[in-house]
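# Examining the three-dimensional arrangement
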Amino acid sequence: AVPPEPQPQRSELLLKLSLGDRVSFETCQKLIRDYSQQCERDLSYLSDIESALREPPQEHRDQPYWLMTLRHGRAVREAELAWCSETLEHLRRLAAETKQ
């Protein structure tokens, strides 16, 4: 019942993106596209797990909690996908402005 300790946020992707002005826009876009594809694969995997958890006779007293945990993973990946789309659009605009 003890609350979990805060975990430091670490992301190699975000570190690289924060230094994005040192590489090409194409490099930054590739990083984001690759990450987006990984998020899509993760969502597919989580969907497979959810399907398996919902199949009888898989009912287990912890099943509702497993599903809550799984839904958290889905929500995080969906938010990351939205961020990837937004970030790619912003990179496109920056690249266009730079060419002018």
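Going by the structure above, here's the rest.
As the structure is a computational prediction, the values presented were derived from the model and not from experiment. (Residues numbered from 1 in each chain as written. Predicted model: local features only at pLDDT ≥ 70, side-chain atom pairs only at ≥ 80, totals over all residues. Heavy atoms only, no water.)

Turning to helix α3 (residues 63-99), a few remarks are in order. Taking 1.5 Å of rise per residue, the 37 residues of α3 would be expected to cover 54 Å, and the 54 Å separating its terminal C-alpha atoms lies within 8% of that figure. Q63, L67, L70, L81, C84, T87, L88, L91 and A95 are the residues of α3 that are buried. Contacts from the buried residues of α3 go to α1 (12-18) and α2 (25-54). (Helix = DSSP H or I, 4+ residues; strand = E, 2+ residues; numbered from the N terminus. Expected span 1.5 Å × (residues − 1). Buried < 20%, exposed > 50% of the residue type's maximum accessible area, 1.4 Å probe, protein only. Contact = heavy atoms within 4.5 Å.)

Overall, the coordinates contain nine salt bridges when judged by the stated rule. A salt bridge links D21 to R22, with the nearest nitrogen and oxygen atoms 2.9 Å apart. On the basis of relative accessible area, D21 is assigned to the exposed category, the value being 67%. Taking relative accessible area as the criterion, R22 reaches 62% and is therefore assigned exposed. Close ionic contact of E50 with R54 constitutes a salt bridge, the shortest N to O distance being 3.1 Å. Taken as a pair, E50 and R54 lie in helix α2 at a separation of four residues, close to a single helical turn. Given the relative accessible area of 49%, R54 is considered partly exposed. (Salt bridge = Lys/Arg side-chain N within 4 Å of Asp/Glu carboxyl O.)

At a minimum axis separation of 9 Å, α2 and α3 run at an interaxial angle of 160 degrees. Taken together, the axis directions place α2 and α3 in an arrangement best described as roughly antiparallel. Here α2 runs over α3; the crossing is left-handed. Residue composition of the contact of α2 with α3, by class: 19 nonpolar, seven polar and eleven charged. (Axes fitted to C-alpha atoms, helices over the stretch in contact; angles between N-to-C directions. Parallel < 35°, antiparallel > 145°, perpendicular 65-115°, else oblique. Left-handed = near helix turned anticlockwise from the far one by under 90°. Nonpolar A, V, L, I, M, F, W, Y, C, P; charged D, E, K, R; others polar.)

Our focus in this paragraph is the side chain of S36. With respect to the element layout, S36 can be found in helix α2. Taking relative accessible area as the criterion, S36 reaches 18% and is therefore assigned buried. Apart from residues lying up to four places away in sequence, S36 is in contact with L81 and C84.

Attention shifts here to the nonpolar core. With six residues, the main nonpolar core is built from L13, C28, I32, C84, L88 and L91. If you list the elements that add at least two residues to this core, you get α2 and α3. In terms of residues, this core owes the most to one element, α3, which gives three residues. Residue contacts for L88: discarding those within four places in its chain leaves Q29, I32 and R33. (Core = buried A, V, L, I, M, F, W, Y, C linked by side-chain atoms within 4.5 Å.)

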